[in-house]
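Listed below are the residues making up each chain.
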Amino acid sequence: MPHPPADQRERYDRLKADPRGAFDRERPAIFSPAAAAQDEGNGRTTVKRFGPLYLPSEYTGWSEEAAAHVESAYLGDWSSLAKVHVRGPEALSFLGWLGMNDLSRFELGQVKHHVQLDEHGRVASEGILLRLGDDEFLYTAGSGDWLLWQLSQGEWDATADDISPELFIFGVQGPRSIHVLERVLGASLRDLRFNRSRPARLGGTDVRVLRTGISGELGYEVHGPADAADQVWRAIRDAGADDGLKQLGLRAQPVQHIEAGIATNGLDYFPAAAITPGAPWQFTQGGIEGSFVPTGGFADYFRKPVELGWQVRGDFTHDFLGKDALLADLAAGEPARVLAGLIWNAGDVASVLTAFLDDGPLPEPMELPRVAGPAFDTVLKDGAVVGVATGRTVSPTLRRMISLVTIAREHSAPGTEVVVVWGRPGTPQREIRATVAALPFKPDNRRVDVSQL
């Protein structure tokens, strides 16, 4: 694996050791390894924190950036994700035990969604797992601490290293993404199937290209050494000029996830690892917005797989942590809640947005496109609590205010009318009508046949 510049590793280790340390000395900011290239297009000159890194909030404007994955393509930075390198004779066995997904048929270069549970069947961590060799894997996620801790508790013949500052991860998503990457690579990607990857050469740098779909559209990731991030960012940016490629700022980044029906760790739920020694160090700052009041403690923010849209059928062929709890849930008809979408009533939303231009009590502001952090809002049906809404965002392409909702099964049918309570307790709360919708909110184009493009 490549080695990062010494100051990048030093700053990362200092931040990880003391996430709440003073900003200027004990915990200096870490900017993206592509910060110099990104600053060239950061017309708003603002940055926001995503995990350990500070990234541009906007380049040209959040609304056009948030529509780029549907209309053309974007170039975005996911280098903030944790990256854990796992290798050794028992690496595959360990990862199979740690995740609920079957890894018995795992090709070299393949990408799999890796959902890791605690002993109660609650999601402790999740991300994508890439097979680099027979006994070599890369796990990228919001945090890798649960994996590192679980490995340390066993006697597996395997090792795992946090190599987060050593690699960049850039996303290139949207209908024109394949044209942008083929141009900059000087090679065809037509044979690269969904959830597959391969090494490539980009602007004199060895990289790996993955076909993924976090936007719900045709898309790719590019992984490479941190010390080449600036030149790779510039090369992709310049190659996409004729295709309408937009640089994606952090403000617009989460919009696509809600459109695609993808729950995000730390925003739409909190991992069960948070109350263990394997807690994610990245989630130690910031408050929780919204009207939802947890009556069962912090665990009310945890979720089981089906509550996040990840199917649990019960035909498990391998042993894994949390399996017994999932099987017991299935036998008992649990969990009682599922993931769905909500379309918020436009008139009710408008009344909140325009309240600052009228008389009367002021409700909590409704940030656009969404609040920069976790927000959980109570959902009612006939006055009774039936769910929790998260990820409220305005979609410039759908022209709707939408969100995810973890909701009781009996109220999860599309078209069901519910009410979202807007505003934290103690503020002038509003009731916003909403309609349950199927996920994803727009067609799933991740597996489009690129041979026809």
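As shown above, the structure is provided for reference.
Reference entry: report on the structure contained in this document. Model, not experiment: these values are computed from the prediction.

What about the sheet that holds strand β6 (residues 111–117)?
Turning to step 1, where the next piece is worked out: With antiparallel pairing, five strands are arranged side by side in an open sheet as β6-β7-β8-β5-β9. The sheet is open, and its two edges are formed by β6 and β9 (159–162), each paired on a single side. Taking the axes of each pair of neighbouring strands and ignoring which way they run, one obtains an average angle of 30° across the sheet.
Turning to step 2, where the next piece is worked out: Examined bridge by bridge, β6 and strand β7 (residues 123–133) share seven bridges and lie antiparallel to one another.

With respect to the sheet that holds strand β20 (residues 430–437)
Turning to step 1, where the next piece is worked out: Strand order in the closed barrel made by the six strands is β15-β18-β17-β16-β19-β20, with antiparallel pairing throughout. Within this sheet the neighbouring strands show an average axis-to-axis angle of 40°, counted without direction.
Turning to step 2, where the next piece is worked out: Bridge count for strand β17 (residues 384–395) against strand β18 (residues 400–408) is seven bridges, and the pairing is antiparallel. Within β18, the position partnered with Val-388 by the bridge is Thr-406.
Turning to step 3, where the next piece is worked out: The strands touched by helix α10 (residues 346–353) are β15 (337–344), β18, β19 (417–422) and β20; relative to β20, the strand with the most contacts, the crossing angle is about 145°.

Looking at helix α9 (residues 323–331)
Turning to step 1, where the next piece is worked out: Three or more residues of α9 are buried, namely Lys-323, Ala-325, Leu-326 and Asp-329. Along the long axis of α9, the arc covered by the buried residues comes to 165°, so they all point the same way. For α9, the exposed residues set more than 90 degrees away from the buried face come down to Asp-324 and Ala-331.
Turning to step 2, where the next piece is worked out: In this structure, the buried side of α9 is in contact with β6.
Turning to step 3, where the next piece is worked out: Count one or two residues on from α9 and you reach Gly-333, which has phi positive near 80°.

Quick look at the pairing of β19
Turning to step 1, where the next piece is worked out: The buried count for β19 comes to five of six residues, which makes it a mostly enclosed element.
Turning to step 2, where the next piece is worked out: Where strand β16 (residues 376–381) and β19 come together, two bridges link them in antiparallel fashion. Considered in β19, the bridge of Leu-380 is made with Val-419.

Digging into the packing of helix α6 (residues 177–185) against helix α7 (residues 229–239)
Turning to step 1, where the next piece is worked out: Two numbers describe how α6 lies on α7: the axes approach to 8 Å, and their chain directions differ by 120°. One way to sum up the angle between α6 and α7 is to call them oblique. Here the hand of the crossing between α6 and α7 comes out right-handed. Each of Val-180, Leu-181, Arg-183 and Val-184 in α6 lies in contact with α7, whose residues at this interface are Ala-235, Ile-236 and Ala-239.
Turning to step 2, where the next piece is worked out: Across the contact of α6 with α7, the residue classes break down as six nonpolar, no polar and one charged.

Focus on the pairing of β6
Turning to step 1, where the next piece is worked out: Counting buried positions along β6 gives six out of seven residues, so the element sits mostly inside the fold.
Turning to step 2, where the next piece is worked out: Following β6, the chain reverses through five residues before pairing antiparallel with β7; Gly-121 in that reversal takes a positive phi of roughly 80°.

A word on the packing of helix α4 (residues 91–98) against helix α5 (residues 145–153)
Turning to step 1, where the next piece is worked out: At a closest axis distance of 11 Å, the pairing of α4 and α5 adopts a crossing angle of 115°. Taken as a pair, α4 and α5 cross one another with a handedness that is right-handed. Along the contact surface, α4 presents Phe-94, Leu-95, Trp-97 and Leu-98, while α5 presents Trp-146, Leu-147, Gln-150 and Leu-151.
Turning to step 2, where the next piece is worked out: When grouped by side-chain class, the residues that make up the contact of α4 with α5 number seven nonpolar, one polar and no charged.

Considering the side chain of Ser-80
Turning to step 1, where the next piece is worked out: In this structure, Ser-80 sits in the loop between β4 (73–77) and β5 (82–87).
Turning to step 2, where the next piece is worked out: Only 2.6 Å separates the side chain of Ser-80 from the backbone oxygen of Phe-50, close enough to count as a polar contact.
Turning to step 3, where the next piece is worked out: Once you skip the residues sitting within four places of it in the chain, Ser-80 turns out to touch Phe-50, Pro-52, Leu-53 and Leu-55.

Some thoughts on the pattern of salt bridges
Turning to step 1, where the next piece is worked out: The final tally for this structure, using the stated rule, is 27 salt bridges.
Turning to step 2, where the next piece is worked out: Salt-bridge contacts for Glu-40 lead to Arg-237; the nearest nitrogen and oxygen are separated by 2.8 Å. Taken together, the positions of Glu-40 in the loop between α2 (35–39) and β2 (47–50) and Arg-237 in helix α7 put the pair 197 residues apart, joining distant regions of the chain.
Turning to step 3, where the next piece is worked out: Across the pair Asp-319 and Lys-323 runs a salt bridge whose closest N-O atoms are separated by 3.4 Å.
Turning to step 4, where the next piece is worked out: What you see here is one network of salt bridges that share partners, running through Glu-40, Arg-234, Arg-237 and Asp-238.

Some words on the side chain of Glu-58
Turning to step 1, where the next piece is worked out: Inspection of the secondary structure puts Glu-58 in the loop between β3 (53–56) and α3 (62–71).
Turning to step 2, where the next piece is worked out: From its side chain, Glu-58 meets the backbone nitrogen of Trp-62 in a polar contact 2.7 Å long.
Turning to step 3, where the next piece is worked out: Only 2.9 Å separates the side chain of Glu-58 from the side chain of Arg-251, close enough to count as a polar contact.

With respect to a nonpolar patch on the surface
Turning to step 1, where the next piece is worked out: Taken together, the side chains of Ile-275, Ile-288 and Phe-298 define a hydrophobic patch exposed on the protein surface, amounting to about 260 Å² of accessible area.
Turning to step 2, where the next piece is worked out: Counting through the fold element by element, Phe-298 comes out in the loop between α8 (255–259) and α9.

Quick word on unusual backbone geometry
Turning to step 1, where the next piece is worked out: A cis amide bond, omega -10°, links Glu-334 with the succeeding residue Pro-335.
Turning to step 2, where the next piece is worked out: Residue Pro-440 is reached from Leu-439 by a cis peptide bond, and omega for that bond is -5°.
Turning to step 3, where the next piece is worked out: Of note, Asn-195 is a non-glycine position whose phi angle comes to about 65°, a positive value.
Turning to step 4, where the next piece is worked out: Phi at Asp-382 takes a positive value of approximately 55°, unusual for a residue other than glycine.
Turning to step 5, where the next piece is worked out: Among the secondary structure elements, Asp-382 is positioned in the loop between β16 and β17.

Concerning the packing of aromatic side chains
When we look at a pair of aromatic rings, we describe it by the centre distance and by the angle of the planes.
Turning to step 1, where the next piece is worked out: Under the criterion given, the structure shown has 19 aromatic pairs.
Turning to step 2, where the next piece is worked out: Judged by centre distance (5.9 Å) and plane angle (40°), the rings of Trp-97 and Trp-156 are tilted. On the criterion of sequence distance, the pair formed by Trp-97 in helix α4 and Trp-156 in the loop between α5 and β9 is long-range, its members being 59 residues apart.
Turning to step 3, where the next piece is worked out: For the pair Trp-344 and Trp-422, a centre-to-centre distance of 6.2 Å together with 75° between the ring planes defines the contact as edge-to-face.

Reading guide: rules and limits
Residues numbered from 1 in each chain as written. Predicted model: local features only at pLDDT ≥ 70, side-chain atom pairs only at ≥ 80, totals over all residues. Heavy atoms only, no water. Pairing = 2+ DSSP bridges. Helix = DSSP H or I, 4+ residues; strand = E, 2+ residues; numbered from the N terminus. Axes fitted to C-alpha atoms, helices over the stretch in contact; angles between N-to-C directions. Contact = heavy atoms within 4.5 Å. Buried < 20%, exposed > 50% of the residue type's maximum accessible area, 1.4 Å probe, protein only. Arc of directions from axis to C-beta. Parallel < 35°, antiparallel > 145°, perpendicular 65-115°, else oblique. Left-handed = near helix turned anticlockwise from the far one by under 90°. Nonpolar A, V, L, I, M, F, W, Y, C, P; charged D, E, K, R; others polar. Polar contact = N/O pair within 3.5 Å; in protein donor to acceptor, adjacent residues only side chain to side chain. Salt bridge = Lys/Arg side-chain N within 4 Å of Asp/Glu carboxyl O. Patch = residues over 30% accessible without salt bridge, like charges linked within 9 Å, V, L, I, M, F, W, Y side chains within 5 Å. Areas by Shrake-Rupley, 256 points an atom, 1.4 Å probe, with all protein chains shown as cover. Phe/Tyr/Trp six-rings, centres within 6.5 Å; stacked < 30°, edge-to-face > 60°.

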